[in-house]
Amino acid sequence: IVYIATPPDSHAEYATAVAAAGKHVMLEKPMCLTASDARVVIDACAKNHVHCFVAYYRRLQPHVVAIKSLLDSGEIGQPRLVSFRVAMATDYTDRSNWKIDRRVNGGGLFVDIATHRLDLVFFLCGPPVAVCGHAATVSPELGVEQLAVVAVKHAGGTVSTVTGEFFTGRFVDRFEIVCDNGRISSDRLDSQEYTVETGGRSTVYRPQKPEYPHIPVFSHVEDVLLDGAESLADAETAYFTEQALDSVVRHG
């Protein structure tokens, strides 16, 4: 397996070459500069009978695995409204930073950071039937989005939103999942701590954090390749994020 951790503008070239060589592919996010490039990579991997994984490592974090299990069990009903909000201070004076260079990254920090949250709404709630939203640049000379909102209607009826804000200098990393019979929330996604409210009770869960954040996803990839486990780091789900970025941020 080859881990392609270069900036996104070279992902499609390298991934198709790796697939043609008969090696499994592990791609950093976002998958590519466009959804069409991502589809080329997925098709190349299928043609050459190799796996295509994407390093959206938060899917395999202990708290996300537990939350997905709770949602899948139906214990607190169907998720109706899911919202993720992320904000982060950004130094736009360093123009050598490829993460704010549209030619290399396909966009700005929504593409680089908020995509983790966008990936989670598809991982937790399923495929989209409709996507809409808006992206804006506060400083037009930058040429990349500094804020964006993506709204998704999922096949199962859930509505989700992901909001990214990269111009105010403040830090936010919240999420909330409102279900028929309860609510799951956290003030900080990466703290691993989350609260479940149901039946008039509120319970805080604190799963143990892995020593390094990527260990769970890499261990899972080993399980898929060595033991035939079903992939939870698959490119097909990650492709939904590529489509959403195309429609709202890259070409919105």
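Every value quoted in this text rests on a predicted model; they were computed, and no experiment measured them.

Student: Would you take a moment to explain the nonpolar core for this structure?
Tutor: Buried together is how nonpolar side chains tend to be arranged in soluble globular proteins. One finds Phe84, Phe110, Leu124, Ile177 and Ile184 to be the most contacted residues of the largest nonpolar core, which totals 40 residues. Looking at this core, the elements that each hand over two or more residues are helix H3 (62-73), strand S4 (79-87), helix H5 (109-125), strand S6 (147-154), strand S8 (172-179), strand S10 (194-198) and helix H7 (235-250). Counting residues per element, this core draws most heavily on H5, which supplies 12 residues. Setting aside anything within four residues of it in sequence, one finds Ile184 in contact with Ile67, Leu70, Leu71, Ile76, Phe175, Glu176, Ile177, Tyr194, Thr195 and Val196. Counting residues in hydrophobic clusters, the runner-up holds 22 residues, among them Ala12, Val18, Val54 and Ala235.

Student: Would you explain the layout of surface pockets in this entry?
Tutor: One water molecule sets the probe size; rolling that probe over the atoms shows where empty space is left. In this structure, the largest pocket occupies an estimated 180 Å³ of space. Lining the largest pocket we find 15 residues, and of these Lys29, Tyr57, Arg58, Ile113 and His116 sit closest to its centre. Residue contributions to the lining of the largest pocket peak at 4 residues, all from H5.

Student: How do you make sense of empty space enclosed by the protein when you look at a structure like this?
Tutor: This structure, assessed with the given rule, holds 1 cavity of 30 Å³ or more. Reported here for the largest cavity is a volume of approximately 40 Å³. Contributions of two or more residues to the lining of the largest cavity are made by H3 and H5. At 3 residues, the largest contribution of residues to the lining of the largest cavity is made by H3.

About the cut-offs
Going along each chain's sequence as written, the residues are numbered from 1 onward. Local features in this predicted model are restricted to residues of pLDDT 70 or higher, and side-chain atom pairs are both shown and tallied only at a pLDDT of 80 or more, whereas totals for entire chains, interfaces and linings draw on every residue. Excluded from the side-chain calculations are hydrogens and water; all other atoms, namely the structure's heavy atoms, are used. Note on terminology: a nonpolar core comprises buried Ala, Val, Leu, Ile, Met, Phe, Trp, Tyr and Cys residues joined through side-chain atoms within 4.5 Å. The cut-offs for exposure are 20% and 50% of the maximum accessible area for each residue type, with area from a 1.4 Å probe on protein chains only; residues under the lower value are buried, those over the upper are exposed, and the others partly exposed. Comment: elements are numbered from the N terminus, with helices defined as DSSP H or I runs of at least four residues and strands as E runs of at least two. Residues are treated as being in contact if the distance between any of their heavy atoms lies within 4.5 Å. In this analysis a 1.4 Å probe is tested at points of a 1 Å grid over the protein atoms alone, and where it fits but cannot get out there is a cavity; an open set with protein on both sides within 12 Å along at least five of seven lines is a pocket; lining residues have an atom within 4 Å of a point. Grid points are joined across faces, edges and corners, and a volume is the space filled by probe spheres set on the points.

Distances and angles like these do not, on their own, reveal function.
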